[in-house]
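Listed below, chain by chain, are the residues.
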Amino acid sequence: MQLFFKYNWMVREEWYRWCEELNEEELLLDRTGGKGSILHTLFHIVDVEWSWVRLIQDKSEFQHSFDAYKSLKMVRELNAEFHLEVESFVNKWDASMEERLFYDTLSDGRVVTDTWGEIMRHIIAHEIHHIGQLSIWSREIGKSPVSANFIGRGLSSHSSK
């Protein structure tokens, strides 16, 4: 699981660099799918990752709106701030955490039970889903997307870059 988090972080950083080639108007342009814009989607990825990691540890989640983070610089700074805690949690992950239970009280009062392992995999899949949306948008504006290839990133201890 740690390798997929590292993969997502690596790809996310490449998307941030990709975004540096666009102006703010293009980053904020309302599009079909995702959270509506490239920048809002990146903000959403960071928000969801950090919030879930905090929630399963019974800590408060992020409660700020994208309206306060409408620049690439601000989203990257938020990512850097949150990443320290997320990376520490991910690096400490072990098999004993897999089946720990998380009880989520929904807005209608129902309580849903999930395991920490399910939630961690949801975080991974959530980001990969949104990265696919960014790839579609990149093609729509005539730019090549960031590679989604896991192979060749040097993530395995036996791989060569």
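Residues numbered from 1 in each chain as written. Predicted model: local features only at pLDDT ≥ 70, side-chain atom pairs only at ≥ 80, totals over all residues. Heavy atoms only, no water.

Q: Hey, could you run me through the overall build of the protein in this one?
A: Looking only at helices and strands, the protein has 5 helices and 2 strands in total. Going from the N terminus to the C terminus, the protein shows its helices and strands as α-α-α-α-β-β-α. Scaling as 2.2 N^0.38, a compact globule of 161 residues should have a C-alpha radius of gyration of about 15 Å, and the protein matches this with 17 Å. Overall size of the protein, expressed as C-alpha extent along the three principal axes, is 45 × 45 × 25 Å. (Helix = DSSP H or I, 4+ residues; strand = E, 2+ residues; numbered from the N terminus. Rg over C-alpha atoms; globule rule 2.2 N^0.38 Å.)

Q: Teacher, can you tell me more about the side chain of S51 here?
A: In this fold, S51 is placed in helix α3 (residues 38–56). Once residues within four sequence positions are removed from consideration, S51 is found in contact with E61 and F62. (Contact = heavy atoms within 4.5 Å.)

Q: Sorry if this is basic, but what is going on with the UniProt feature "binding site: a divalent metal cation" (unreviewed entry) in the protein here?
A: Those residues carrying the UniProt feature "binding site: a divalent metal cation" (unreviewed entry) are H44, H126 and H130 in this numbering. Spatial clustering of the annotated residues is evident: they stretch over 87 residues in sequence, but the largest pairwise C-alpha distance comes to 10.0 Å. You can call H44 buried: its relative accessible area is 15%. Excluding anything up to four places from it in sequence, H44 contacts K35, H126 and H130. Given the relative accessible area of 6%, H130 is considered buried. Leave out the neighbours within four places in its chain, and H130 touches G34, T41, H44 and I45. (UniProt positions renumbered as here; feature names shortened; annotations may be inferred. Buried < 20%, exposed > 50% of the residue type's maximum accessible area, 1.4 Å probe, protein only.)

Q: Can you help me understand the packing of α3 against helix α5 (residues 116–140) in this one?
A: A pair of packed helices is characterised by two quantities: the angle between their axes and the separation of those axes. Running from amino to carboxyl end, α3 crosses α5 at an angle of 175°, the nearest separation of the two axes being 10 Å. The angle between α3 and α5 places the two elements in the roughly antiparallel class. Between α3 and α5, the residues in contact are I38, T41, L42, H44, I45, V48, E49, W52, V53 and I56 and W116, I119, M120, H122, I123, H126, E127, H130, I131, L134 and W137, respectively. Taken together, the residues that form the contact of α3 with α5 break down as 14 nonpolar, 5 polar and 2 charged. (Axes fitted to C-alpha atoms, helices over the stretch in contact; angles between N-to-C directions. Parallel < 35°, antiparallel > 145°, perpendicular 65-115°, else oblique. Nonpolar A, V, L, I, M, F, W, Y, C, P; charged D, E, K, R; others polar.)

Q: Even after reading the chapter, I still don't get the pairing of strand β2 (residues 111–115), so can you show me in this structure?
A: The two faces of a sheet get side chains in turn, since along a regular strand they alternate between them. Here strand β1 (residues 101–105) pairs with β2 via 5 bridges, running antiparallel. Pairing of D104 across the sheet is with V112, part of β2. Count of turn residues in the β1/β2 antiparallel hairpin: 5 residues, of which G109 carries a positive phi of about 95°. (Pairing = 2+ DSSP bridges.)

Q: I tried to follow the environment of V48 on my own but got confused; where do I start?
A: In this structure, V48 sits in helix α3. Residue classification places V48 among the buried positions, given a relative accessible area of 12%. Between the C-alpha atom of V48 and that of H122, which follows or precedes it by 74 residues, the distance is 10.0 Å.

Q: Would you explain unusual backbone geometry in this entry?
A: Residues other than glycine predominantly adopt negative phi, and peptide bonds predominantly adopt the trans conformation. Positive phi values are uncommon outside glycine, yet D58 reaches one of about 60°. Counting through the fold element by element, D58 comes out in the loop between α3 and α4 (72–91).

Q: Got a minute to help me understand the nonpolar core in this structure?
A: One broad trend across soluble globular proteins is that nonpolar side chains are buried collectively. Counting 44 residues, the largest nonpolar core has W15, I38, L42, I56, F89 and M120 as the members making the most contacts within it. Those elements that place two or more of their residues in this core are α1 (2–19), α3, α4 and α5. Here this core takes 11 residues from α3, the largest share from any one element. Setting aside residues up to four positions removed in sequence, I38 forms contacts with W18, C19, L22, E26, L27, R31, L134 and W137. (Core = buried A, V, L, I, M, F, W, Y, C linked by side-chain atoms within 4.5 Å.)

Q: When you look at a nonpolar patch on the surface in this model, what are you seeing that I'm missing?
A: On the surface, a nonpolar cluster with roughly 310 Å² of combined accessible area is contributed by L101, Y103 and V111. Along the chain, Y103 falls in strand β1. (Patch = residues over 30% accessible without salt bridge, like charges linked within 9 Å, V, L, I, M, F, W, Y side chains within 5 Å. Areas by Shrake-Rupley, 256 points an atom, 1.4 Å probe, with all protein chains shown as cover. Salt bridge = Lys/Arg side-chain N within 4 Å of Asp/Glu carboxyl O.)

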